[in-house]
Structures are given as C-alpha cells and as structure tokens.
Protein chains: 2
Amino acid sequence: MAEDRWTPPAVMLAVDLVILTLREWRLHVLLVERGVEPFKGALALPGGFLQHAEEDLTAAAHRELAEEAAMNVETLHLEHLGVYGTPGRDPRGRVVSVAYLAIAPGLPEPTAGTDAAGARWQRVDQVLSGDLKLAFDHWQIVWDGVESARAKLERSALATAFCGPTFTISDLQQVYEAVWGISLDPRNFYRKVQKTSGFIVAAGPERKVTTGRPARLFRAGPCKVLNPPMVRPVEPSNAKGPEE
Amino acid sequence: MAEDRWTPPAVMLAVDLVILTLREWRLHVLLVERGVEPFKGALALPGGFLQHAEEDLTAAAHRELAEEAAMNVETLHLEHLGVYGTPGRDPRGRVVSVAYLAIAPGLPEPTAGTDAAGARWQRVDQVLSGDLKLAFDHWQIVWDGVESARAKLERSALATAFCGPTFTISDLQQVYEAVWGISLDPRNFYRKVQKTSGFIVAAGPERKVTTGRPARLFRAGPCKVLNPPMVRPVEPSNAKGPEE
DNA sequence: AGAATAGTGTCTTTAAGACACTATTCT
DNA sequence: AGAATAGTGTCTTAAAGACACTATTCT
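Every chain is numbered on its own, with residues counted from 1 as its sequence reads. Chains and ligands are labelled by the order in which they are written, letters from A for the one and numbers from 1 for the other. The predicted origin of the model limits local features to residues at a pLDDT of at least 70 and limits the giving and counting of side-chain atom pairs to 80 or more, whereas totals for whole chains, interfaces and linings rest on all residues. To obtain the side-chain values, all non-hydrogen atoms of the structure were included, while hydrogens and water were left out.

Undergrad: Describe in detail the overall build of chain A, supporting the description with residues and values.
TA: Helix numbering and strand numbering both begin at the N terminus, where a helix is a DSSP run of H or I of at least 4 residues and a strand a DSSP run of E of at least 2. The secondary structure content of chain A amounts to six helices and nine strands. Taken across its 244 residues, chain A has 49% of its residues classed as buried. In chain A, of all internal contacts separated by at least 6 residues, the share reaching a separation of at least 24 is 64%. Using a 1.4 Å probe, accessible areas were evaluated by the Shrake-Rupley method; residue-level cover was limited to the displayed protein chains. Of the roughly 12000 Å² of accessible surface on chain A, a fraction of 53% belongs to carbon and sulfur atoms. We call a residue buried when its accessible area falls under 20% of the maximum for its residue type, exposed when it is over 50%, and partly exposed in between, using a 1.4 Å probe and counting protein chains only. Residue contacts follow a heavy-atom distance rule, with two residues in contact if any of their heavy atoms lie within 4.5 Å.

Okay, here's the thing in structure tokens:
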C-alpha cells in the first residue's frame, strides 16, 4: 500500500442515460440497438465511454445522446442517478458507469446515430416485466431510474415537466397515474393541485378540442417543491408492522 | 468517433467516505489529516484510489476505512451518495470519486492509519460553517451526506441505528434534534413514535441510571419504512409560493 | 335529449400542532 | 418536600379519503 511511486489503476468510465417520457399516457424509456460488440444487436440504454480524460461527465452524457439517438436536446436536465461498477458487468474489462436520469414531455422520435443501429422509445412496463431483455445491467438502471422518477413526483413539481407548455388538470392527473401505475380520484386530485399554491397557474380561458365540456388550461407555476407533498397511495405491504 | 481500435481514456477512480455518528448529542463526521500531497496536512474525508482494476467499489471503501482510520467495521452499511468528477477537482489529474455514506451509533475512537497522519471525529456544524476547511471538494460531499441523512430520518427508521441496542424515547428524540438541528415537542414526539407501528418495541421494564423518573427502554422494531413519515418542521422559506 | 367530459361541495377520518397536567424516582 | 425527568390527555386545525352532484360543450 505505501509503495513508492505507486500509481492508481486505470478504469474505463462510461455514462448511461435513462431518458423517460410519456407517450400515449404510458411511461417510455429511450433505448438503442447496440451496433457494436458486446451485446451487438441487443437493446441497451444510450451511453458510452468518456471520449477524453478531461471530458466532463454531463458533457459526455449529452454527447452520447446526440451521437446515439440524434437528440440534440441541450436543455434536457440530466440528474445523477447512480454508479454501476460491479466487476464483471462488462466483458471488455473494468467499466464503471455513471447513470443519469432525465424526464421530459413528448420528446421527438429519435433516429439512429453513429454507434447504434437504431434508437427508439420502449414502454417501461415491457422492460421492467422482463419481456424486453437489456444488455449489461441496464435493467437494474432502468428500475432505479423509474423508482427515482416516482419518488420525485411526490415532492417536486416535476409532473408538469411531463406535459406540454400548457395542460389541463386531468392531463396532469394522467401523468401521475401513468408514472405511479395507479388511478387517482379526480375530485381529490383537483382539490389537491389547486390548493397547492404555485404548483399550476391558469393559462388563459382557452379551451380544448374534444367532445364534452372544454377544460381550462394551466401552465407550470413557480413553486418547485410541493409542500405538503402529493401522497402516493401505499401498497398494502409493509404499511403495518406484523406486531401485536 | 468511429475510429478503429479506439480505446477509451483511463481515469483514476477514488472512493470517499462520509461516516456520520452522534457524539455528545452532536453530529460528527470522520475526518483524516492527509499524510501525502496534495493537501498534505489538511483535513479530508477518508478515502483513496482503487487498489487494483478489479477491486469492487464498496470493498475499496471498507479497505480505506481500515487503512486510514483503523476502523474495521465490516458491518457498517455503506450507501451510495454521489459522484464527484468535475475536471480539475484534483491537481493530480482526472480523478472521479464515488462517495459513500454510512450512519452509525457511537463508533470507536479512530486511530491513525498508514496513509493519514490521524483520524478523528469532527463536529459537522464546524465543517459546514466553514470554520474547518477541507481538502478538495470534500465540503460539498459532507454537505450532501448530511442532507441525505436528514432526509432519511423522515421516512426510514434509521434514527434507531444512531442509538445503542436499547434506548429511551427521549434518546431517540435527541437523535432527531441533533441531526435536524432543531427542537421537537416531546409530547407530540412520544405520541408519534408510539403510534407508528413497528418503529420501536419495548425492551423489558428496565430502568435507567439518572435522577428523576426512570425511563422505559425500547429496541428498534421490525418496521424499516415509516408510514406516515416523521415530519420535519419546514423552514419558512419556500413553504409558500410567492403567489397572490 | 343525451352523451361526454369538466369541475365543485360535503362529510368523515387521520394526524399534526399546541398546549398542561400527572407519575415516578431521587436527595 | 422538592427537584428532576418520564409519560399521558385534550383541543384545535390541516389535509387526505370517500363519496354525489352540477356545468358546459358536442351531436
């Protein structure tokens, strides 16, 4: 350990991206078909190695997104999700991957980039159920990303980011229902979001193009932290201890 | 980008450890005095480079803890805290550091290890206030670790882990007060913890060695997730949006 | 008129916040 | 007796859960 002139071992550093969006009221994740070995042809998260030793991690993440999915979304807010570095997770050697999470409204249809044979949106439920197999440990990364997104809806005003610039209250409710995978009472939901000051603000008396009574439109409000938080109904397990 | 035989750049990977404990009802963090350049002599978090390319990250974290603080705490549960990889954060080159967080009850007094001139507990408030300067970006890492610990107290039964095997309710209250840095109403606290099923369980009719009425002892219960969570009083800022 | 969707009101229950009092040990 | 700490009870208020009804547009 205290050898002279010892230099630390080098590892390969990669970034992986969990990009979540809502399409047809279902949560989707951006996946690419790998164009190179290993796992050539398999589905995987967009991502890749750092390009040079001084590249910033988030810069690498944005670059990979552009390269593999031709998505030049500079405004996309990437957030640290976790580190995946178990030895043996990548057959090419020791690869430590830093995962980032982004959540956004209807993103454009991606197109194939240089390193991937194709990029497309896949339903998250099909990934998590195992119907779609992913390369490496990417199933775990997607799981962690979805869990993180679900938790964020509780305390942050993130749900509005899933909608367009303006939206109706039932649009917003459908975001919660799609991400949480449950259904909510519309009456209690209306009350809750309207009394959470700064969550949503009216966006003019516009109307909407459907049958039935037209809905009022809203925009995201200035309040970014929901207090009190939205409550996610608890699944029966572990709500009560097995005491008594 | 699509060069043949291109190999990714190597980076140096380090681990850093935020070990939090409670001593004299104040939150303390384990710091070492650096024995080598850079920042020789300065205070820093325990941590260091991976030893070999196949070392597991958590294994490296435990090894550094043993080396730098002579703390062989195999049972210590380390949890991923974040990644700190801004280019330039380490004068030796591109170093990406993975930070881990551990929270534990009265840990032993550390002793100096091989790579550090000394290891000791420092009060977290003195670090966060800037009275104690830390090497690298370790101030930020400590901040993130403390924030994470504060948030964990809300939804998890972690606070019991700060106490010994048995504890009184006011012991537990003091954990919350020390970590959150506020004071709580003992009557409401009693009610809350007692009605949170599975949080604490009675540990016999034992008594305690102080003046005044002896207190009942409890042990940590089986319930790991607090539902509903403990509520942390909100600081006045951002509780309300600036609307209306 | 009737279908379809939007929006509001009320009652109940749970739990937090703010209080004051009783209980048990010690010297 | 009095000091010191432990523990309980009550009232009020905020907010979630569970309901049924009214409102506005379309065909």
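Undergrad: I'd like to hear about the protein's contact with DNA strand C, residue by residue, with values.
TA: It suffices for a single heavy atom of a residue to lie within 4 Å of a molecule or strand for the residue to be listed as near it. Around DNA strand C there are 21 residues in total, and A:R187, A:Q194, A:R216, B:R187 and B:K192 lie nearest to it. Considering DNA strand C, the proportion of its atoms within 4 Å of the protein that are sugar or phosphate atoms stands at 51%. Throughout this description, a polar contact denotes any pair of N or O atoms lying within 3.5 Å of each other; where both atoms belong to protein, one of them has to be capable of donating a hydrogen while the other can accept it, and for residues adjacent in sequence the pair is counted only when both atoms sit in side chains. Contacts to DNA strand C include A:R216, whose backbone N or O atom sits 2.7 Å from a phosphate oxygen. Looking at the surface near DNA strand C, the elements that each hand over two or more residues are α6 (186-195) of chain A together with α6 (186-195) of chain B. Looking at the surface near DNA strand C element by element, the count peaks at four residues for α6(B). Looking at the surface near DNA strand C, its residues break down into six nonpolar, six polar and nine charged. Each residue is assigned to one class: nonpolar for Ala, Val, Leu, Ile, Met, Phe, Trp, Tyr, Cys and Pro, charged for Asp, Glu, Lys and Arg, and polar for all the others, Gly among them.

Undergrad: Please give an account of helix α1 (residues 57-69) of chain A that cites residues and values.
TA: Residue pairs spaced three or four apart in an α-helix point in one direction, given the helix's 3.6 residues per turn. All names here are of chain A. With 13 residues, α1 ought to run about 18 Å at 1.5 Å a step, and its terminal C-alpha atoms sit 18 Å apart, in line with that. If you check which residues of α1 are buried, you get L57, A60, A61, R63, E64, L65, E67, E68 and A69. A positive backbone phi angle near 50° is found at A70, which sits one or two residues after α1. Residue count minus one, scaled by 1.5 Å, sets the expected span of a helix.

Undergrad: Provide a residue-level description of the protein's contact with DNA strand D, including the pertinent values.
TA: Surrounding DNA strand D, one finds 22 residues, the nearest of these being A:R187, A:K192, B:R187, B:Q194 and B:R216. Taking all atoms of DNA strand D within 4 Å of the protein, the share assigned to sugar and phosphate is 54%. A:R191 places a side-chain nitrogen or oxygen 3.0 Å from a base nitrogen of DNA strand D. Here the element with the most residues in the surface near DNA strand D is α6(A); it accounts for four residues. By residue class, the composition of the surface near DNA strand D is seven nonpolar, six polar and nine charged.

Undergrad: For the relation of the copies chain B and chain A, give the residues involved together with the corresponding values.
TA: Rotating chain B by 179° and moving it 0.0 Å along the rotation axis overlays it on chain A with an RMSD of 0.1 Å. Accordingly, the operation relating the two chain copies is best matched by a two-fold axis. Closest approach to the rotation axis among the C-alpha atoms of chain B is made by B:A10, whose C-alpha sits 2.5 Å away. Interface overlap between copies: 100% of the residues of chain B at the interface are likewise at the interface in chain A, consistent with a symmetric, same-surface contact. When the copies are superposed, the least-squares fit takes in the C-alpha atoms of residues with a pLDDT of at least 70 in both.

Undergrad: Tell me about the packing of aromatic side chains, and name the residues and values.
TA: Residue and element names in this part refer to chain A. For Phe, Tyr and Trp, where Trp contributes only its six-membered ring, two rings pair if their centres lie within 6.5 Å, and the inter-plane angle classes them as stacked under 30 degrees, edge-to-face over 60, or tilted in between. Using the criterion set out here, one finds eight aromatic pairs over all chains in the structure. Consider the rings of Y176 and W180, whose centres lie 5.0 Å apart with planes at 70°: the pair is edge-to-face. Of the two residues, Y176 and W180 both sit in helix α5 (residues 169-180), four residues apart, roughly one turn of that helix. Accessibility assignment for this pair places Y176 and W180 in one class, buried. Each member of the aromatic cluster is reached from another via a ring pair, and the members are Y176, W180 and F189.

Undergrad: For the interface of chain B and chain A, give the residues involved together with the corresponding values.
TA: Taken together, the contact between chain B and chain A spans 41 residues of the former and 41 residues of the latter. By salt bridge we mean one thing: a side-chain nitrogen of Lys or Arg within 4 Å of a carboxyl oxygen of Asp or Glu. In this assembly, chain B and chain A are joined by two salt bridges. At the junction of chain B with chain A, the criterion picks out seven residue pairs in polar contact (both at pLDDT 80 or more). The element contributing the most residues to the side of chain B that touches chain A is strand β1 (residues 10-23) of chain B, with four residues. Here the side of chain B that touches chain A is built from residues that sort into 22 nonpolar, 11 polar and eight charged. The sheet contact formed by strand β1 (residues 10-23) of chain A and β1(B) spans three bridges and is antiparallel. Paired with A:M12 across the bridge in β1(B) is B:A10. In this scheme, strands are said to pair when DSSP sees at least two bridges between them.

Undergrad: Which residues make up the packing of helix α3 (residues 138-155) of chain A against α5(A), and what values do they have?
TA: Residues and elements named next belong to chain A. Orientation is described by axes fitted as lines to C-alpha atoms, over the contacting stretch for helices, and by angles from 0 to 180 degrees between their N-to-C directions. Viewed as axis vectors pointing N to C, α3 and α5 meet at an angle of 145°, and their least axial separation amounts to 9 Å. Here the hand of the crossing between α3 and α5 comes out left-handed. Of α5, the residues touching α3 (which contributes A149, R150, L153 and E154) are V175, Y176, V179 and W180. When grouped by side-chain class, the residues that make up the contact of α3 with α5 number six nonpolar, no polar and two charged. Helix crossings are classified by the rotation of the near helix relative to the far one: an anticlockwise turn of less than a right angle makes the crossing left-handed, while a clockwise turn makes it right-handed.

Undergrad: Kindly report on the pattern of salt bridges, identifying the contributing residues and their values.
TA: Side-chain pairing between opposite charges can occur once the charged atoms of the two side chains come close. All names here are of chain A. Applying the stated rule across the entire model yields 28 salt bridges over all chains. Residue E67 is joined to R63 by a salt bridge in which the shortest nitrogen-to-oxygen separation is 3.1 Å. Here the residue E67 and the residue R63 both occupy positions in helix α1, the gap between them amounting to four residues, near one helical turn. A residue is classified by how much of its surface remains accessible, and E67, at 9% relative accessible area, is buried. For R63, a relative accessible area of 16% gives the class buried. If you follow the salt bridges from partner to partner, you end up with E55, R63, E64 and E67 in one network.

Undergrad: Can you break down the domain arrangement of chain A residue by residue, with the values?
TA: Residue and element names in this part refer to chain A. All domain edges in this entry derive from an automatic or database-based domain assignment. Split by domain assignment, chain A resolves into domain 1 (12-149) and domain 2 (156-220). The C-alpha-based centres of domain 1 and domain 2 are spaced at 29 Å. Between domain 1 and domain 2, the residue contacts involve 10 residues of the former and 10 residues of the latter. When domain 1 packs against domain 2, close to 850 Å² is buried across both sides, 76% of that on carbon and sulfur atoms. When residues of domain 1 are sorted by the area they lose upon contact with domain 2, L22, W25 and I103 head the list and together hold 58% of the total. In this structure, the connection of domain 1 to domain 2 is made through zero residue pairs in polar contact (both at pLDDT 80 or more). The set of elements that each furnish at least two residues to the side of domain 1 that touches domain 2 consists of β1 and β6 (95-104). Of the residues forming the side of domain 1 that touches domain 2, the biggest block, three residues, is contributed by β1. For the side of domain 1 that touches domain 2, the class distribution of residues is eight nonpolar, two polar and no charged. Here the buried area means the combined drop in accessible surface, using a 1.4 Å probe, for two parts upon being joined, counting both sides.

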